[in-house]
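Chain residues, written in single-letter form:
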Amino acid sequence: MVFKRLLGSLGVGGPTVDTVLDPGAARPGGTLSGRVHLVGGTADHDVEHVALELVARVETEHEEHGDGEGVVVFDRHTVGGAFRLGAGEETSIPFAVTLPWETPATELYGQPLGVVLGVRTELAVAGARDSGDLDPFAVAPLPAQEAVLETLGRLGFGFRSADLEYGRIGGTGQQLPFYQEIELTPPPRYAHQVDEIELTFLAVPGALEVVLEADKRGGPLSGGHGGHDALSRFTVPHEGPAGPQGWDALVDGWMQELVEHRASYGSHAVYGHDSGVGGAVMAGAAGIAGGMVAAEVVDEVGDFFESDSDDGED
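Residues numbered from 1 in each chain as written. Predicted model: local features only at pLDDT ≥ 70, side-chain atom pairs only at ≥ 80, totals over all residues. Heavy atoms only, no water.

Glancing now at helix 3 (residues 247-260). Given a rise of 1.5 Å per residue, 14 residues ought to cover 20 Å, and the 20 Å separating the end C-alpha atoms of helix 3 matches this to within 8%. For helix 3, every residue scored as buried is listed here: W247, L250, V251, D252, W254, M255, E257, L258 and V259. (Helix = DSSP H or I, 4+ residues; strand = E, 2+ residues; numbered from the N terminus. Expected span 1.5 Å × (residues − 1). Buried < 20%, exposed > 50% of the residue type's maximum accessible area, 1.4 Å probe, protein only.)

Now for the pairing of strand 14 (residues 194-204). Burial runs high along strand 14: nine of the eleven residues are buried. With three bridges connecting them, strand 13 (residues 178-185) and strand 14 associate as antiparallel partners. Following the sheet pairing, E183 is matched in strand 14 by E198. (Pairing = 2+ DSSP bridges.)

Glancing now at unusual backbone geometry. Phi is positive for Y109, which is not a glycine, with a value near 50 degrees. Position of Y109 among the secondary structure elements: in the loop between strand 8 (107-108) and strand 9 (111-112). On the accessibility criterion, Y109 (41% relative accessible area) is partly exposed.

Now for helix 1 (residues 143-154). The end-to-end C-alpha distance of helix 1 is 16 Å, a good match for the 16 Å that twelve residues give at a rise of 1.5 Å each. When helix 1 is considered as a whole, its buried residues turn out to be A144, Q145, E146, A147, V148, L149, T151 and L152. Of the residues flanking the end of helix 1, it is G156, one or two places downstream, whose phi is positive at about 100 degrees.

Applying the stated criterion across every chain yields a total of twelve salt bridges. As a salt-bridge pair, E122 and R76 come within 2.7 Å of each other at their nearest N and O atoms. Remark: R76 occurs in strand 5 (residues 66-80) and E122 occurs in strand 10 (residues 117-125); sequence separation between them is 46 residues. According to the relative accessible area criterion, E122 is buried, its value standing at 8%. Taking relative accessible area as the criterion, R76 reaches 36% and is therefore assigned partly exposed. Between D252 and R189 there is a salt bridge, and its shortest N-O distance comes to 2.9 Å. On the criterion of sequence distance, the pair formed by D252 in helix 3 and R189 in helix 2 (residues 188-191) is long-range, its members being 63 residues apart. The class of D252 is buried, set by a relative accessible area of 15%. Shared partners join several salt bridges into a network, and the residues in it are E53, R76, R120 and E122. (Salt bridge = Lys/Arg side-chain N within 4 Å of Asp/Glu carboxyl O.)

Listed below in structure tokens is the structure:
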């Protein structure tokens with residue numbers, strides 16, 4: 001993926017930047033690599049630094065103004081230090097930056113989830129700073145996340161949507177200012193009790209925290225006010241369930257506990273426990289990811305990122 005832009009704040013004849021990411025999807029906690037190509041302008045320039053910002057498109061909720069969308073910078077890396085870029089000189093800066101463990105997945109087995117992440121390159125020259133266009137990058141789930149999703153598919157849960165929510169989930173070790181929410185439809189066995197399940201992964205180097213929220217249906221005694229949310233939290237090591245218990249039994253147990261418990265806490269307060277069962281491997285999301293609407297994802301990317309073609313570049 002490439003973007004090019006004449007750095008406008010540096011004036012006509014300023015340097016140009018061409019950032020190229022290595023092919024393939026990255027993983028949470030893994031490496032995002034590529035090269036930043038610079039071409040000097042019509043005069044010499046003293047470059048103070050070259051930096052990369054990782055940004056995400058997130059949804060926000062405001063009591064007064066309603067829901068909205070915004071762009072959040074969730075990580076930043078300086079990949080080049082001070083140097084002089086001569087007129088017309090070409091140079092290339094390789095980079096390999098580590099993604100936060102909570103970086104959300106943008107795809108599942110190559111199918112887009114509708115989550116948009118990007119890299120923005122900043123060039124600082126003689127006190128002036130300018131940022132290039134945003135270049136989207138792909139993130140695949142961790143094996144443990146894939147295992148949970150594949151298991152949910154086998155248990156009859158269906159994929160509804162995925163987005164990034166600005167805010168924090170209480171009672172968790174969340175580090176980023178937003179979290180990914182994957183909405184699932186329940187199988188027939190739970191359909192009379194639950195409207196949908198909301199799933200969030202919060203990974204750390206040694207384990208995966210799984211936060212589940214059930215949007216419960218209102219019963220005849222609900223007084224017309226609908227149901228309420230039930231929440232549970234579980235933690236598994238990346239290696240997979242310990243002992244003889246497999247993924248199906250583990251995840252099914254999570255869901256039974258989630259539906260049966262009647263949490264009395266407010267939204268995103270956590271009820272539940274750390275199961276201590278280890279592990280995670282997730283595969284087979286064809287069933288869960290199959291319902292995605294590609295057109296929606298393309299529209300999101302088109303709204304968020306400036307196309308290379310806008311600048312007349314290939």
